[in-house]
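Summary of structural features
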There are 2 protein chains.
Amino acid sequence: MKPSALPEFLAQAARLLGDGAVKTAPSDLEPYCVDWRRRFFGKAAAILFPGSAELLAQTVQLANHYQIALVPQGGNTGLSGGATPDASGEQVIVSLLRLNRVREQDAVNKTLTVEAGITLLKAQELADTMGLLFPLSLGAEGSATIGGNLATNAGGTAVLRYGNARDLCLGLEVVTPAGDIWNGLRRLRKDNTGYDLRDLFIGSEGTLGFITAAVLKLFPKPAGRLTALVRVASAADALALLQIAQARCDAALTGFEYMSAQSVQVVVDHFPDVAKHGAQIIGGSADAGLSDSVLIEISHPFSEDAAKDLLESVIAEAIERATASDAIIAQSIAQTKALWHLRETITLAAAEDGVQVKLDIAVPVSRLAEFIDQMDQEMLAEFPSIRLHNFGHFGDGNLHYNIGAPQSLAAGLSAEQRRAAYRAFIEQNEGTIRRKVHDRVVAFNGSISAEHGLGQLRKAEAWRIKSPVERRLMKTIKQALDPNGILNPGKVL
Amino acid sequence: MKPSALPEFLAQAARLLGDGAVKTAPSDLEPYCVDWRRRFFGKAAAILFPGSAELLAQTVQLANHYQIALVPQGGNTGLSGGATPDASGEQVIVSLLRLNRVREQDAVNKTLTVEAGITLLKAQELADTMGLLFPLSLGAEGSATIGGNLATNAGGTAVLRYGNARDLCLGLEVVTPAGDIWNGLRRLRKDNTGYDLRDLFIGSEGTLGFITAAVLKLFPKPAGRLTALVRVASAADALALLQIAQARCDAALTGFEYMSAQSVQVVVDHFPDVAKHGAQIIGGSADAGLSDSVLIEISHPFSEDAAKDLLESVIAEAIERATASDAIIAQSIAQTKALWHLRETITLAAAEDGVQVKLDIAVPVSRLAEFIDQMDQEMLAEFPSIRLHNFGHFGDGNLHYNIGAPQSLAAGLSAEQRRAAYRAFIEQNEGTIRRKVHDRVVAFNGSISAEHGLGQLRKAEAWRIKSPVERRLMKTIKQALDPNGILNPGKVL
């Protein structure tokens, strides 16, 4: 890049987009240069806010001309640093937040066409006003954008029934690295007229194109939805419970979340009120300690009674077979919220506790219990008394296999000192822990990033693990579509 | 290509694969050089039968060296000529039929890993022995192979609930155009570790790689499955019925097939016995004539009674709202088979009747009735008294919009003379009809190949319709992955 390239590009971008759409002051840039978990701190030359796909396409043409690296960004809620610029000060963030129009709502076709900058929450609300359901659901949905959800193929708690973000999208509009607009906004369930470009862009984390709009797939809204918290003795019993629930419910099983005893313990430690509602099930008496547990959600399109019959039949069979030892079905919306709140508070409680090694792995569902057993043993052998805060989307084979420092390190310390001690332990051991877990994941034919993507955080590990053939295929595609390498360099590959 | 290249390649292939795996005699080649519908007649230099992915990979390396064009072929049941060689006599067919091993069965993970040459029927049977369901289902399933189903992203009657072939595959093994083996045989529901190579190969009709093995997704087997034949006055009423059924059943609605009055008439004309069972519903008296109708299938994972309750509630609401005027629920397996046999006989009856223009289109579900109305009017204005044998996967927006010659052309002719007269009419008008239908499909943002692929049959039309950006993206990917253009040249692009 010539020294004059960046200022010339920014001057031309300002002419094209308007001065207000190009920001370069450090104070303006700061919030966009740090990722959500505050693990990656970048330095950008500027942030651009194009107001339409056409303006974005022209911006990309300019970037190609001047060889400027562009970093696509939506709600900046990614968990792998995929939307954070590097530290060079030469990359330019392109925010999609001003692309926030609703293009089309079609209740009969059950589709919603929106631009990339719409938040996930807004998309859910739009579907709701159409009498339908957009099932993608995750913690950051108030700020995460549809564009970001698709660029990272987001997961969440409804994947078991409805699939990943990829499965919830029928069509895309994309600005390519060449600065063309590809109109693939098809509202079709079936289309076999050539290569599946849509799925190539989905999950490519902004390295192959800018997703500017998408056709989202909507579903009938369930009339009845019931949640139960079920006490199980082990991950193996959780797996047996899953088999019972799937055989009885098939698609009516819309949630199956596992919480290890230690993952609930961290909630008890830091947010005891939150854990209260489930206490009778998961225990916690001084004698027995906490147990592992499963949140089951059953939905029925037409009747709450039918959902209740199904859920009760699952629990009855599980207790009869001694797969589960106790269960409560939430009897009100408030109780349902309380149970899900417990599950969702694990992440917050862990953050309150101190830094952890956070892993986002998947293995075949059939091997999940075996994986947890072997992995826990290996970890405890190497690091006695570390805490294994595992929980996650058990029905998808996806576990947030998270590891906290030994509590013994915190004896007699203040909260602040405790967090410093935990941080020191994790910083010292994170590399070893990550590699050990990933190696076992590979031995189980699993994935080291089930739903969070590679970004910067998992890139090196993924590259270490991938076969040469797969690396070559990915590089070939990147090189073919983005020969100047201007789209999100340093991410994914 | 040097004149000596082909004989040298074949000699080396014979050394590699063994003499029995390389056939060049015209009589041996003939059945593999004609497509299933006998519309494309090719001439190949040879057909190869590699017995493993490793041998296939080495064969592809040889083909690259000698610049030999390879045509992948499975069960040779494709409907668009995608597996038929050209007429040059220089292309070499590569049959996947000897890759027919079962690699892995995992009932708990609900996956089945098989090689490409396994038939669809065999895959269904394997799933059944595991107590599970592999839902892909189509007419040619006794000979169609899993490799071919995935290469063409096959559809069928269960897409409404379970998706296309693409949605039923978790992982692939592929021999790339460079002769590498990509092992992407992941048995995972979630994996966000890079580009979605799997979906790029699926549906690429053998132009980007040879699919050699696949991980198939299985489902709980429904305990109750019930079918009803419902009389509706029009496509608009069929659409209203679909809305009622989806709202009440969601995923329990596993089939929704529309049959226009004229599509059933052709069955009545040629196979009157087959049409008998549905006669009380679809009519056919001299006064009233036949009506449009819909086959609805409801499945329930756990109970036949629950399926029956749902189906009855759909029919009751439809009749109350005057969306439907009559219905029968099949009361036995024999009756169920009879109703589906009526639907499946449409294609056979049409073939008996004489040649037709066969189209495989999709539009947004919400616009399907409007499309049929406008299209029928346009067709009848141009060609009075032609027959509109429309039927298809209404719930997916996918219609086999087929057109038969006017019956008046056959007055006083023998069956053979009739077919000749129909053929003459269709041959004269096919181009015009295809273009008119496709142009309206494009105006409705639809697809001109919903499930059959492009192959040779629809390539030119697809290319006429596609945007320059999309054509460029497809060509870029093809060029990057197969720079020598040895994989299935002349197909798709």
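Residues numbered from 1 in each chain as written. Chains lettered and ligands numbered in written order. Predicted model: local features only at pLDDT ≥ 70, side-chain atom pairs only at ≥ 80, totals over all residues. Heavy atoms only, no water.

Quick word on the overall build of chain A
Our working definition: Secondary structure is summarised from DSSP: a helix means a run of H or I of at least four residues, a strand means a run of E of at least two, and numbering begins at the N terminus for each. Radius of gyration means the value over C-alpha atoms here, while the globule rule gives 2.2 Å times the residue count to the 0.38 power. Exposure is judged per residue with a 1.4 Å probe applied to protein chains only, and the accessible area is read against the type maximum: over 50% gives exposed, under 20% gives buried, and values in between give partly exposed. Here a residue-residue contact requires only that any non-hydrogen atoms of the pair lie within 4.5 Å.
The number of helices and strands found in chain A is 17 helices and 21 strands. Here the C-alpha atoms of chain A give a radius of gyration of 23 Å, agreeing with the 23 Å that 2.2 N^0.38 yields for 493 residues. When its C-alpha atoms are laid out on the principal axes, chain A stretches across 70 × 55 × 40 Å. Per-residue burial for chain A yields a buried fraction of 61% across its 493 residues. Contacts spanning at least 24 positions in sequence make up 73% of the contacts within chain A whose residues lie at least 6 apart.

With respect to the environment of Arg248 of chain B
Take Arg248 of chain B: it is sitting in helix α8 (residues 235-249). The spatial distance from the C-alpha of Arg248 of chain B to the C-alpha of Ser313 of chain B is 8.1 Å, given a sequence separation of 65 residues. Beyond its immediate sequence surroundings of up to four residues, Arg248 of chain B is in contact with Pro301 and Phe302 of chain A together with Leu310, Ser313, Val314 and Glu317 of chain B.

Here we look at the sheet that holds strand β18 (residues 387-388) of chain A
Residue and element names in this part refer to chain A. Here is the rule we go by: For two strands to be treated as a pair, DSSP must find at least two bridges joining them.
With respect to topology, three strands assemble into an open sheet ordered β16-β21-β18, the strand pairing being antiparallel. Two strands bound the open sheet, and with one partner strand each, they are β16 (356-357) and β18. As judged from the two bridges shared by β16 and strand β21 (residues 403-404), these two strands associate in the antiparallel manner. Paired with Val357 across the two strands is Ile403, which belongs to β21.

Things to note about the interface of chain B and chain A
Let me state the cut-off plainly: Summed over both partners, the accessible area (1.4 Å probe) lost when two parts come together is defined as the buried area. In what follows, salt bridge is the name for a side-chain nitrogen of Lys or Arg lying within 4 Å of a carboxyl oxygen of Asp or Glu. Definition of a polar contact: a pair of N or O atoms within 3.5 Å, with one able to donate and the other able to accept a hydrogen when the atoms are protein atoms, and with sequence-neighbouring residues admitted only if both atoms are side-chain atoms. Charged means Asp, Glu, Lys or Arg here, nonpolar means Ala, Val, Leu, Ile, Met, Phe, Trp, Tyr, Cys or Pro, and polar covers whatever is left, Gly included.
In this assembly, 84 residues from chain B lie in contact with 84 residues from chain A. Here chain B and chain A share an interface that buries about 6700 Å² over both sides, 57% of which is from carbon and sulfur atoms. Taken as a group, Lys190, Asn192 and Tyr195 of chain B account for 15% of the area that chain B buries against chain A, more than any other trio of residues on that side. A salt bridge links Arg161 of chain B to Asp250 of chain A; the shortest N-O distance between them is 3.0 Å. The interface formed by chain B and chain A holds 44 residue pairs in polar contact (both at pLDDT 80 or more) in total. The dominant element in the side of chain B that touches chain A, judged by the number of residues it contributes, is helix α17 (residues 468-481) of chain B, at ten residues. For the side of chain B that touches chain A, the class distribution of residues is 35 nonpolar, 26 polar and 23 charged.

Some points on the packing of aromatic side chains
The geometry of an aromatic ring pair comes down to the distance between the two centres and the angle between the two planes. For clarity, the threshold we go by: Two aromatic rings, drawn from Phe, Tyr or Trp (for Trp, its six-membered ring), form a pair once their centres lie within 6.5 Å of each other, and the interplanar angle then sorts them: stacked below 30 degrees, edge-to-face above 60, tilted otherwise. Ring-over charges, as used throughout, are those where CZ of Arg or NZ of Lys falls within 6 Å of the ring centre and within 35 degrees of the ring normal.
Within the structure shown, the criterion is met by 16 aromatic pairs over all chains. Plain terms: the ring middles of Tyr162 of chain A and Phe219 of chain A are 4.8 Å apart, the flat faces sit at 65° to each other, and that makes the pair edge-to-face. Taken together, the residues span a long stretch of sequence, with Tyr162 of chain A in helix α6 (residues 159-162) and Phe219 of chain A in strand β11 (residues 219-220) at a distance of 57 residues. For the pair Tyr162 of chain A and Phe219 of chain A, one class covers both residues: buried. Grouped by ring-pair contacts, the aromatic residues Phe256, Tyr258 and Phe394 of chain A constitute a single cluster. Positioned above the aromatic ring of Phe444 of chain B, the side-chain terminus of Arg367 of chain B is 4.1 Å from the ring centre.

Brief notes about the pattern of salt bridges
Where charged atoms from two side chains of opposite charge approach closely, those side chains can pair. Per the counting criterion, the structure on display carries 68 salt bridges over all chains. Across the pair Glu451 of chain B and Lys190 of chain A runs a salt bridge, and its minimum N-O distance is 2.8 Å. Separated into two different chains, Glu451 of chain B in the loop between α15 (415-443) and α16 (459-465) and Lys190 of chain A in the loop between β9 (181-184) and α7 (197-201) make up a pair that spans both. On the basis of relative accessibility, which here comes to 8%, the residue Glu451 of chain B falls in the buried class.

Some words on the pairing of strand β4 (residues 91-95) of chain A
All names here are of chain A. Judged by how many residues are buried, β4 sits mostly within the fold: five of five residues are covered. With four bridges joining them, strand β2 (residues 44-48) and β4 adopt parallel strand pairing. Bridged to Leu48 within β4 is Val94. Strand direction decides the pairing type here: strand β3 (residues 70-73) and β4, joined by four bridges, are parallel. The residue bridging Val71 from the neighbouring strand is Ile93, located in β4.

Regarding the confidence of the model for chain A
Condition: Known as pLDDT, the predictor's confidence for each residue is given on a scale from 0 to 100.
Confidence in the prediction for chain A averages 95 pLDDT; 99% of positions are at 70 or higher. Prediction confidence for the complex, expressed as pTM and ipTM, is 0.97 and 0.96 respectively.

As for the pairing of strand β6 (residues 111-115) of chain B
Across the five residues of β6 of chain B, five count as buried, placing the element largely inside the fold. Linking strand β5 (residues 102-106) of chain B back to β6 of chain B in an antiparallel pair, the connection comprises four residues, with Lys110 of chain B at a positive phi of about 60°.

Considerations on the nonpolar core
Selection rule: We call a set of buried Ala, Val, Leu, Ile, Met, Phe, Trp, Tyr and Cys residues a nonpolar core when their side-chain atoms join them within 4.5 Å.
If you look at the biggest cluster of nonpolar residues, it comprises 194 residues, and the most contacted ones within it are Tyr401 and Val437 of chain A together with Tyr401 of chain B. When residues no more than four places from it in sequence are discounted, the contact partners of Tyr401 of chain B are Val357, Lys358, Leu359, Ile361, Phe371, Met375, Asp376, Met379, Leu388, Asn390 and Val437 of chain B. The next biggest cluster of nonpolar side chains, apart from the first, holds 36 residues, and it includes Ala46, Val60, Leu99 and Phe210 of chain A.

Points about the packing of helix α9 (residues 261-270) of chain A against helix α13 (residues 333-353) of chain A
Residue and element names in this part refer to chain A. Condition: A fitted line through C-alpha atoms represents every axis, and for helices the fit uses only the stretch in contact; the resulting angles, taken between N-to-C directions, go from 0 to 180 degrees. Under this scheme an angle from 65 to 115 degrees is roughly perpendicular, one under 35 degrees roughly parallel, and one over 145 degrees roughly antiparallel; angles in between are oblique. For a crossing to be left-handed, the near helix must be turned anticlockwise from the far one by less than a right angle; the clockwise case is right-handed.
Running from N to C, α9 and α13 point in directions that differ by 70°, and their axes come no closer than 8 Å. Between α9 and α13, the interaxial angle falls into the category roughly perpendicular. The two elements α9 and α13 meet at a crossing, and its hand is left-handed. Together, Ser263, Val264, Val266, Val267 and His270 of α9 and Leu342, Thr345, Ile346, Ala349, Ala350, Glu352 and Asp353 of α13 make up the contact between the two elements. Grouping the amino acids of the contact of α9 with α13 by side-chain chemistry returns seven nonpolar, three polar and two charged.

Considerations on the environment of Ala307 of chain B
The topology assignment puts Ala307 of chain B in helix α12 (residues 304-320). Considered as a pair, Ala307 of chain B and Pro222 of chain B are 85 residues apart in the sequence and their alpha carbons are 9.5 Å apart.

Digging into the relation of the copies chain B and chain A
Mapping one chain copy onto the other needs a rotation about an axis and a shift along that axis. Rule in force here: A residue counts toward the fit only if its pLDDT is at least 70 in both copies, and the copies are then superposed by least squares on the C-alpha atoms of those residues.
With an RMSD of 0.0 Å, the operation that places chain B on chain A is a rotation of 180° combined with a shift of 0.0 Å along the axis. Such a combination of turn and shift is consistent with a two-fold rotation axis. When the interface residues of chain B are mapped onto chain A, 100% of them again fall at the interface, so both copies present the same face.

Considerations on the sheet that holds strand β8 (residues 169-175) of chain A
All names here are of chain A. Taken in spatial order, the five strands make up an open sheet running β5-β6-β10-β8-β9, and their pairing is antiparallel. Strand pairing shows two members of the sheet lacking a second neighbour, β5 (102-106) and β9, which therefore form its edges. Across this sheet, the average inter-strand angle for adjacent strands is 10°, counted without regard to direction. Inspection of the sheet shows strand β6 (residues 111-115) paired to strand β10 (residues 210-217) by five bridges, in the antiparallel sense. The residue of β10 that forms the bridge with Thr113 is Val215. On the sheet, helix α3 (residues 53-66) packs against β8, β9 and β10 and is oriented at approximately 50° with respect to β8.

Side note on helix α13 (residues 333-353) of chain B
All names here are of chain B. Heads up, the rule is: Expected span of a helix: the number of residues minus one, times 1.5 Å. At every residue, the bend is computed as the angle between two fitted axes, covering the seven residues ending there and the seven beginning there respectively.
Between its first and last C-alpha, α13 extends 29 Å over 21 residues, near the 30 Å set by a 1.5 Å rise per residue. At Thr345, α13 shows its largest bend, some 40°. Within the span of α13, buried status applies to Thr336, Leu339, Trp340, Leu342, Arg343, Thr345, Ile346, Ala349, Ala350 and Asp353. Positive backbone phi, approximately 145°, marks Gly354, located one or two places after α13.

Thoughts on the environment of Val268 of chain A
All names here are of chain A. Tracing the sequence through the fold places Val268 in helix α9. Placed 81 residues apart in sequence, Val268 and Ala349 show a C-alpha to C-alpha distance of 8.6 Å. Discounting residues that sit within four places of it in the chain, Val268 has contacts with Ala275 and Leu290.

Digging into the packing of helix α1 (residues 5-17) of chain A against α3 of chain A
Residue and element names in this part refer to chain A. The interhelical angle for the contact between α1 and α3, taken along N-to-C directions, is 165°, at an axis separation of 10 Å. When the axes of α1 and α3 are compared, the pair comes out roughly antiparallel. For α1 against α3, the interelement crossing comes out right-handed. On α3, the residues touching Ala5, Glu8, Phe9, Gln12, Ala13, Leu16 and Leu17 of α1 are Leu55, Gln58, Thr59, Leu62, Ala63 and Tyr66. For the contact of α1 with α3, the class distribution of residues is nine nonpolar, three polar and one charged.

Observations concerning the state of the cysteines
The condition that has to hold: Any cysteine sulfur atom paired with another within 2.5 Å is treated as part of a disulfide.
Inspection of the entire model under this criterion finds zero disulfides over all chains. Free cysteine Cys249 of chain B: the closest other cysteine sulfur is in Cys249 of chain A, separated by 17 Å. Looking at Cys249 of chain B, the relative accessible area reads 2%, which means it is buried.

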